[in-house]
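Residue-level listing of the chains:
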Amino acid sequence: MALGGTRRLKNKEKKEQRKAAKLGKLPPKKQPKKQPHTIESLREKDVTMVEEEDEELDQEEATDAFSSYFTKSYVPKVLVTCSDNPHTKTIAFIRELCRMIPDAKPMWRKRSRIEKIIKTATENGFTDVVIVNEDRRIPNGLMVIHLPEGPTALFRVSNPKLCKEIHRSHQEISNHRPEVILNNFKTRLGRAVARMLGALFHYDPEFKGRRACTFHNQRDYIFFRHHRYEFKNREKVKLRELGPRFTLRLQWLQQGAFEGDYEWTLKRHEMETSRRKFFL
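Described below are features of the structure shown in this document. Note that the structure is predicted; figures quoted are calculated from it, not measured. (Residues numbered from 1 in each chain as written. Predicted model: local features only at pLDDT ≥ 70, side-chain atom pairs only at ≥ 80, totals over all residues. Heavy atoms only, no water.)

## A word on the environment of Ile114
Within the secondary structure, Ile114 is located in helix α5 (residues 114-123). Ile114 sits in the buried class, given a relative accessible area of 14%. Remark: the alpha-carbon pair of Ile114 and Ala257, spanning 143 residues in sequence, is separated by 9.7 Å. Once you skip the residues sitting within four places of it in the chain, Ile114 turns out to touch Arg109, Ile131, Met143, Ile145 and Phe258. (Helix = DSSP H or I, 4+ residues; strand = E, 2+ residues; numbered from the N terminus. Buried < 20%, exposed > 50% of the residue type's maximum accessible area, 1.4 Å probe, protein only. Contact = heavy atoms within 4.5 Å.)

## Quick look at a negative patch on the surface
Taken together, Glu51, Glu52, Glu53, Glu55 and Asp58 make up a surface patch of like negative charges. Within the secondary structure layout, Glu51 lies in the loop between α1 (3-22) and α2 (55-61). Given the relative accessible area of 61%, Glu51 is considered exposed. (Patch = residues over 30% accessible without salt bridge, like charges linked within 9 Å, V, L, I, M, F, W, Y side chains within 5 Å. Areas by Shrake-Rupley, 256 points an atom, 1.4 Å probe, with all protein chains shown as cover. Salt bridge = Lys/Arg side-chain N within 4 Å of Asp/Glu carboxyl O. Lys, Arg positive; Asp, Glu negative; His and termini not counted. Charge placed at Lys NZ, Arg CZ, Asp CG, Glu CD.)

## A few points about unusual backbone geometry
Of the consecutive residues Gly150 and Pro151, the connecting peptide bond is found in the cis state with omega at 10°. Here Pro151 lies in the loop between β4 (138-146) and β5 (152-161). Of note in this structure, Arg136 is not a glycine but carries a positive phi near 55°. If you trace the backbone, Arg136 turns up in the loop between β3 (128-135) and β4. Not every positive phi belongs to a glycine, and Arg137 is a case in point at roughly 65°. Mapped onto the elements, Arg137 comes out in the loop between β3 and β4. Owing to a relative accessible area of 56%, Arg137 belongs among the exposed residues under this scheme.

## Points about the packing of aromatic side chains
One pass over the structure, following the stated rule, counts 10 aromatic pairs. When the centroid spacing of 4.8 Å and the interplanar angle of 15° are considered together, the rings of Phe224 and Phe246 count as stacked. On the criterion of sequence distance, the pair formed by Phe224 in strand β8 (residues 221-231) and Phe246 in strand β10 (residues 245-254) is long-range, its members being 22 residues apart. Centre to centre, the rings of Trp252 and Tyr262 are 5.2 Å apart; their planes meet at 90°, and the pair counts as edge-to-face. A residue pair is termed long-range when its members are at least 10 positions apart, and Trp252 in strand β10 and Tyr262 in strand β11 (residues 262-265) qualify at 10 residues. Note on Trp252: relative accessible area 14%, which makes it buried. An aromatic cluster of at least three residues, connected via ring pairs, comprises Phe93, Phe201, Phe215, Phe224 and Phe246. A cation over a ring is seen here: Lys77 above Phe126, with NZ or CZ 4.7 Å from the ring centre. Residue placement shows Arg249 over the ring face of Tyr221; its charged tip is 4.7 Å from the ring centre. (Phe/Tyr/Trp six-rings, centres within 6.5 Å; stacked < 30°, edge-to-face > 60°. Lys NZ or Arg CZ within 6 Å of the ring centre and 35° of its normal.)

Next up, the structure:
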């Protein structure tokens, strides 16, 4: 069909819809749109992928390292530190993490080894340790250690943006405990990583603050966003990003608290044999 004919057909459909609206009639139902083919939608099936209702996985998670958190047996308390002689942006990044995560306390590294930091944090009642690494004066790594017995995960950090860089003020971040959204983690490894990240936050959000922290997994990249939402009416919701924002990529997962065997390690040239194969 010629271009002019297509336009005339569309205009005719619009006129019929306007006429039906004037007469109080509902327009005919349109055909549902087909889902576009993307790398994510064409993802290769994996034996470690889990379904929404998996009894075996539920039994495993009932006895894993984070089971006591999800049964609300303790309140998370997070120690946040960094490498020695951090740059200004890394210090600001740590401050914003502490404003965002409830009960998070910053601490100077003071050339302490990681083993000593773990021992000190455990003795002082901390449940998790977060260590921010930097390269070329920019945060480029995030190590998360769950106390007292692990696991430990190392993430590569890319595209970190502070509140100031997205034209927001840190004063907009209230003291209310945020909601945590963990989205699109579809494998056993992904579930373990999601539970580890979620356990950094308090399990009882304060909805009055209308804050939401989102970890969205897409093609093994975990995009973090921090928003405040506002209901305009029953159907419309307004989102305002507060910051910070960053992207994580899992490098390895270790069983213990910075010790023990590695459960998973990223080996790009050996493991990334297909563009449609993902691990989280």
